[in-house]
Amino acid sequence: MPRDFMKLAQLMVNEGKWAGRQIVSPDWARKSTAALRDLSRVQQYGWLWNSPEYSYDGRKVRGFFAGGNGGQIFMDIPAAATIRRRCSLRSGSTFRSTSFRL
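Residues numbered from 1 in each chain as written. Predicted model: local features only at pLDDT ≥ 70, side-chain atom pairs only at ≥ 80, totals over all residues. Heavy atoms only, no water.

**Brief notes about the overall build of the chain**
Thinking step 1. Within the chain, the regular secondary structure consists of two helices and ten strands.
Thinking step 2. Taken from N to C terminus, the helices and strands of the chain fall in the order α-β-β-α-β-β-β-β-β-β-β-β.
Thinking step 3. In the chain, buried positions account for 32% of the 102 residues.
Thinking step 4. In the chain, once contacts between residues fewer than 6 apart in sequence are set aside, the share between residues at least 24 apart is 22%.
Thinking step 5. For the chain, the exposed surface amounts to about 6900 Å²; the carbon and sulfur share of it is 50%. (Helix = DSSP H or I, 4+ residues; strand = E, 2+ residues; numbered from the N terminus. Buried < 20%, exposed > 50% of the residue type's maximum accessible area, 1.4 Å probe, protein only. Contact = heavy atoms within 4.5 Å. Areas by Shrake-Rupley, 256 points an atom, 1.4 Å probe, with all protein chains shown as cover.)

Next comes the structure, spelled out in structure tokens:
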């Protein structure tokens, strides 16, 4: 499951492409990670993706992330050229983090 979660997130980063093949339209991928509805002053929500705003290099930039049960998270901040992935498996009250390579 964690690798599938990462693949879905990478599909969004690649604007709908996987292994050179267009799986969903670039427009759909951009809209799904866009700030479409306000959750708070600095965080909005797209189509199942959170779209927060961050301070970076003296300006505000927008990123997107999806979080799953047990601590899985994928975050991309395009303007900062930053991608973060974390998979954790919850065991009782502790988390065990694992990195995956696609």
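From this point on, the discussion continues.
**Here's the deal with the packing of aromatic side chains**
Thinking step 1. Scanning the model with the defined rule gives two aromatic pairs in all.
Thinking step 2. Judged by centre distance (5.4 Å) and plane angle (85 degrees), the rings of W49 and F64 are edge-to-face. Residue W49 is found in the loop between β4 (43-45) and β5 (50-56), and its partner F64 is found in strand β7 (residues 64-67); the two are separated by 15 residues along the sequence. Across this residue pair, the class does not change: W49 and F64 are buried. (Phe/Tyr/Trp six-rings, centres within 6.5 Å; stacked < 30°, edge-to-face > 60°.)

**Structural notes on the nonpolar core**
Thinking step 1. Within the largest apolar cluster, ten residues are counted, these being F5, M6, A9, L11, M12, A29, W49, F64, A66 and F74.
Thinking step 2. Elements supplying a minimum of two residues to this core: α1 (2-13) and β7.
Thinking step 3. Considering every element that reaches this core, the biggest residue donor is α1, with five residues.
Thinking step 4. Not counting residues up to four positions away in its chain, the partners in contact with W49 are L8, A9, M12, S32, T33, F64, F65, A66 and F74.
Thinking step 5. Ranked by size, the runner-up nonpolar core spans five residues in total, among them V61, F65, M75 and A80. (Core = buried A, V, L, I, M, F, W, Y, C linked by side-chain atoms within 4.5 Å.)

**What to know about the environment of A35**
Thinking step 1. By the secondary structure assignment, A35 is in the loop between α2 (26-32) and β3 (37-38).
Thinking step 2. Overall, the relative accessible area of 35% leaves A35 in the partly exposed class.
Thinking step 3. Placed 28 residues apart in sequence, A35 and G63 show a C-alpha to C-alpha distance of 9.3 Å.
Thinking step 4. Leave out the neighbours within four places in its chain, and A35 touches Q44, Y45, S51 and R62.

**Digging into the pattern of salt bridges**
Thinking step 1. Taken as a whole and judged by the stated rule, the model has three salt bridges.
Thinking step 2. The residue R30 makes a salt bridge to E15 at a minimum N-O spacing of 3.4 Å. Of this pair, R30 sits in helix α2 while E15 sits in the loop between α1 and β1 (17-18), and the two are 15 residues apart along the sequence.
Thinking step 3. The exposure class assigned to E15 is partly exposed, which follows from its relative accessible area of 36%.
Thinking step 4. With a shortest N-O distance of 3.5 Å, R62 and E53 are connected by a salt bridge.
Thinking step 5. A relative accessible area of 31% means that R62 is categorised as partly exposed. (Salt bridge = Lys/Arg side-chain N within 4 Å of Asp/Glu carboxyl O.)

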